[in-house]
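Here are the chains, one letter per residue:
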Amino acid sequence: MNEKRSILILTGAGISAESGLATFRGPGGLWEGHRVEDVCTPDALAADPALVHRFYDLRRAALNAVAPNAAHEALARLDAEWGGDLLIVTQNVDDLHERAGARRLLHMHGELRSALCPACGERRAWPDPLPPGVRCPACAAGDLRPDIVFFGEMPYGMEQIEAAIATCDLFVSIGTSGAVYPAAGFVQLANHHGARTLELNLDQSAGSGWFDESRLGPASTLVPAWVDELLAGQSTQSSPMSR
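Residues numbered from 1 in each chain as written. Predicted model: local features only at pLDDT ≥ 70, side-chain atom pairs only at ≥ 80, totals over all residues. Heavy atoms only, no water.

J.: I would appreciate a short explanation of the confidence of the model for the protein in the present structure.
T.: A low pLDDT score tells you not to read the predicted coordinates there in detail. Within the protein, residue pLDDT values average 91, and 91% of them lie at 70 or more. This stretch, residues 239-243, has a pLDDT under 50; its non-local contacts, to residues over four places away or in other chains, come to four contacts. (pLDDT = per-residue confidence, 0-100. Contact = heavy atoms within 4.5 Å.)

Given below as structure tokens:
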């Protein structure tokens, strides 16, 4: 793997769980005590906008009480020091990757600290509570909603993600369940294009069988160790003594 130059990294809820954020589907399929269908679908927003807005307000406020962990920090270090192509695609809507320092990053499911206008498509930073009925400052035609990709909606950046997978040498999945599509299918796409595939996860995932290698354990332990391994290999390759 030390010879790989282009890397696509997919991260999921497991990487943020050690920072104290709830994984998307907890016991009984609930997210923070709510059925996903009640807080993460267009129908839910239409049926009870107050509930949906309040739910994401609480998730946004919870970010103030958590910090990036060693896994986020290791990926930010990799972002800063890796000489080849790199893209971190996260399914998470928190901002822990950014706060750790990652820059080559794409939020495919949206962001808690962002608001979306469904009328004009404007996305804007929004760190504060967002009650229903706030008019879009850009077009004044739509009410802002949480900038979250609901079930049934198209994730952000799919063309960019698929192009990166098609050209990457190494695909790495960190802290994902392997059960939520389209992200769950990325490893199969990477295999189709000939990339080596690696899973770093607390337990076996629904897609573990598709990976060339699976390493099991806490992300805060596995990810820094893997990044150290990768960057050490890069240093060896670039050293005149290794030629």
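J.: Explanation requested: the sheet that holds strand β6 (residues 110-116) in the structure shown.
T.: Within a sheet, adjacent strands bond to each other through the backbone by hydrogen bonds, running parallel or antiparallel. Pairing is antiparallel in the open sheet, where three strands are placed in the order β7-β6-β8. The outermost strands of the open sheet, each flanked by one partner alone, are β7 (123-125) and β8 (145-148). Between one strand axis and the next, the sheet turns by 55 degrees as a mean value, whatever way the strands run. The sheet contact formed by β6 and β7 spans three bridges and is antiparallel. Bridge pairing links S114 to A125 in β7. (Pairing = 2+ DSSP bridges. Helix = DSSP H or I, 4+ residues; strand = E, 2+ residues; numbered from the N terminus. Axes fitted to C-alpha atoms, helices over the stretch in contact; angles between N-to-C directions.)

J.: So what exactly am I meant to see when it comes to the pattern of salt bridges here?
T.: Two side chains of opposite charge can pair, provided their charged atoms sit close to one another. A complete count under the given rule lists 16 salt bridges for this structure. Among the ionic pairs, R196 bridges to E213, the shortest N-O distance being 3.9 Å. You can see R196 sitting in strand β10 (residues 196-201) and its partner E213 sitting in strand β11 (residues 213-216), a full 17 residues away along the chain. Using a relative accessible area of 30% as the deciding quantity, one classes R196 as partly exposed. The residue E229 makes a salt bridge to R215 at a minimum N-O spacing of 3.2 Å. With E229 in helix α9 (residues 219-238) and R215 in strand β11, this residue pair connects regions lying 14 residues apart in the sequence. Three or more residues are tied together by salt bridges with common partners; here these are R196, D212, E213, R215 and E229. (Salt bridge = Lys/Arg side-chain N within 4 Å of Asp/Glu carboxyl O. Buried < 20%, exposed > 50% of the residue type's maximum accessible area, 1.4 Å probe, protein only.)

J.: Can you walk me through helix α5 (residues 70-81) in this structure?
T.: The periodicity of an α-helix, 3.6 residues per turn, causes residues three or four positions apart to be oriented the same way. The terminal C-alpha atoms of α5, which comprises twelve residues, lie 16 Å apart, in line with the 16 Å expected from a rise of 1.5 Å per residue. If you check which residues of α5 are buried, you get A71, H72, A74, L75, A76, L78 and D79. (Expected span 1.5 Å × (residues − 1).)

J.: What's the story with unusual backbone geometry in this structure? I'm lost.
T.: Peptide bonds are, in most cases, trans, and in most cases residues other than glycine have a negative phi. Cis geometry marks the peptide bond from Y181 to P182; its omega dihedral reads 10 degrees. Within the fold, P182 resides in the loop between β9 (170-174) and α8 (186-192). Notably, A140 is not glycine yet its phi reads approximately 60 degrees, a positive angle. Its location among the elements puts A140 in the loop between β7 and β8.

J.: Explanation requested: the UniProt feature "active site" (unreviewed entry) in the protein in the structure shown.
T.: Per the UniProt record, "active site" (unreviewed entry) is annotated on H109. A relative accessible area of 14% means that H109 is categorised as buried. Residues contacting H109, with those up to four places away along its chain left out, are T90, Q91, V93, D147, I148, V149 and P155. A distance of 3.2 Å separates the side chain of H109 from the backbone oxygen of Q91, its partner in a polar contact. (UniProt positions renumbered as here; feature names shortened; annotations may be inferred. Polar contact = N/O pair within 3.5 Å; in protein donor to acceptor, adjacent residues only side chain to side chain.)

J.: What is the right way to look at the nonpolar core in this model?
T.: In a soluble, globular protein the nonpolar side chains are often hidden away together inside. Judged by nonpolar contacts, the single largest core of 25 residues is most densely connected at I9, L75, L78, V172, I174, V223 and W226. If you tally residues by element for this core, the top one is α9, at seven residues. Those residues in contact with I174 that sit more than four places away from it in its chain are I9, L10, T11, G12, I15, L75, L200, A219 and V223. One finds M108, A164, F171 and A195 within the second-largest nonpolar core, a separate group that totals 18 residues. (Core = buried A, V, L, I, M, F, W, Y, C linked by side-chain atoms within 4.5 Å.)

J.: Looking at this model, I keep getting lost on the sheet that holds β10. Mind explaining?
T.: In space, the six strands of this open sheet follow the order β5-β4-β1-β9-β10-β11, with parallel pairing throughout. If you trace the sheet from one side to the other, it starts and ends with β5 (105-107) and β11, each paired once. Within this sheet the neighbouring strands show an average axis-to-axis angle of 15 degrees, counted without direction. Set on the sheet, helix α7 (residues 158-167) makes contact with β1 (7-11), β4 (86-90) and β5; between it and β4 the angle comes to about 130 degrees.

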